[in-house]
Amino acid sequence: VLMPVEAPAGKPLRRDDQEAFLHLWRYVGWLLGIPDAQNPCASRALATATLESVVMHVLEPSDESRRLAHHVLLSTAAGRPSSYRIRAAWARLLLGDPLADALALPVPSVLEWGRVGLGQLWFLAYARCLELPVLGDALEHLHAAGMRLFLRLHRPSSRRSTARRS
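Residues numbered from 1 in each chain as written. Predicted model: local features only at pLDDT ≥ 70, side-chain atom pairs only at ≥ 80, totals over all residues. Heavy atoms only, no water.

## Focus on unusual backbone geometry
One can expect most non-glycine residues to show negative phi and most peptide bonds to be in trans. Residue Ala-104 is not a glycine yet carries a positive backbone phi of 60°. For Ala-104, the location among the structural elements is in the loop between helix 6 (97-102) and helix 7 (110-130). Overall, Ala-104 belongs to the partly exposed group, its relative accessible area being 42%. (Helix = DSSP H or I, 4+ residues; strand = E, 2+ residues; numbered from the N terminus. Buried < 20%, exposed > 50% of the residue type's maximum accessible area, 1.4 Å probe, protein only.)

Here it is, written out as structure tokens:
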């Protein structure tokens, strides 16, 4: 559960961040009706063991899952082949070579691995800056303002939707 968050940063989350992240997913499980006794997010150890068990014993890619994996990567690449290959490199990093090979994901070139590495460095630098007292607060406010602006620009307003209906 934590791997997609920790892998780009290149290090584990702090213990309290791990607990907060797992608590969020325990809550999502509760909302979905999963009993606490069966919720794999009860602890990091259980979440890790459950994920490894699923990957090792249940997850065996089929032709359909290969098509799905490639379709997801293509649909987010906005028609740019280089973007597809970078997304495939990220997927390979997060999934590991055995599963990426089973999904027939392309093997990244040295340049593509370099771009992924730069992305990891950027993510790590940003995460480190968030930990700094003054800069971290400023970045959080800037990020929140950017998200509000994005939502305002991409959420249909009642004025726009009524104008379209007339």
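## Description of helix 4 (residues 63-75)
In this model helix 4 runs 18 Å from its N-terminal to its C-terminal C-alpha over 13 residues, within 8% of the 18 Å that 1.5 Å per residue would give. Of all the residues in helix 4, the buried ones are Ala-69, His-70 and Leu-73. Viewed along the axis of helix 4, the buried residues span an arc of 90°, placing them on a single side of the element. What points out from helix 4, more than 90 degrees from its buried face, is the exposed set Glu-64, Arg-67, Leu-68, His-71 and Leu-74. Buried-residue contacts for helix 4 involve helix 5 (81-95). (Expected span 1.5 Å × (residues − 1). Arc of directions from axis to C-beta. Contact = heavy atoms within 4.5 Å.)

## So, the nonpolar core
Formed by Ala-69, Leu-73, Ala-77, Tyr-84, Ala-88, Ala-91, Leu-99, Ala-100, Leu-103 and Leu-105, the largest nonpolar core amounts to ten residues. Looking at which element gives the most residues to this core, the answer is helix 5, with three residues. (Core = buried A, V, L, I, M, F, W, Y, C linked by side-chain atoms within 4.5 Å.)

## Quick notes on the packing of aromatic side chains
What characterises a pair of aromatic rings is the spacing of the ring centres plus the angle enclosed by the ring planes. Taken as a whole and judged by the stated rule, the model has one aromatic pair. Relative to Trp-30, the ring of Tyr-27 has its centre 5.8 Å away and its plane inclined at 20°; by these criteria the two rings are stacked. Taken together, the residues Tyr-27 and Trp-30, both in helix 2 (residues 15-31) and three residues apart, mark about one turn of the helix. On the basis of relative accessibility, which here comes to 54%, the residue Trp-30 falls in the exposed class. (Phe/Tyr/Trp six-rings, centres within 6.5 Å; stacked < 30°, edge-to-face > 60°.)

## Topic: the packing of helix 7 against helix 8 (residues 133-154)
In the contact formed by helix 7 and helix 8, the axes pass within 7 Å of each other and the chain directions differ by 115°. Here helix 7 lies roughly perpendicular to helix 8, going by the angle between them. Residues Tyr-126, Cys-129 and Leu-130 of helix 7 touch helix 8, and the partners they reach there are Leu-135, Gly-136, Leu-139, Glu-140 and His-143. When its residues are assigned to classes, the contact of helix 7 with helix 8 shows five nonpolar, two polar and one charged. (Axes fitted to C-alpha atoms, helices over the stretch in contact; angles between N-to-C directions. Parallel < 35°, antiparallel > 145°, perpendicular 65-115°, else oblique. Nonpolar A, V, L, I, M, F, W, Y, C, P; charged D, E, K, R; others polar.)

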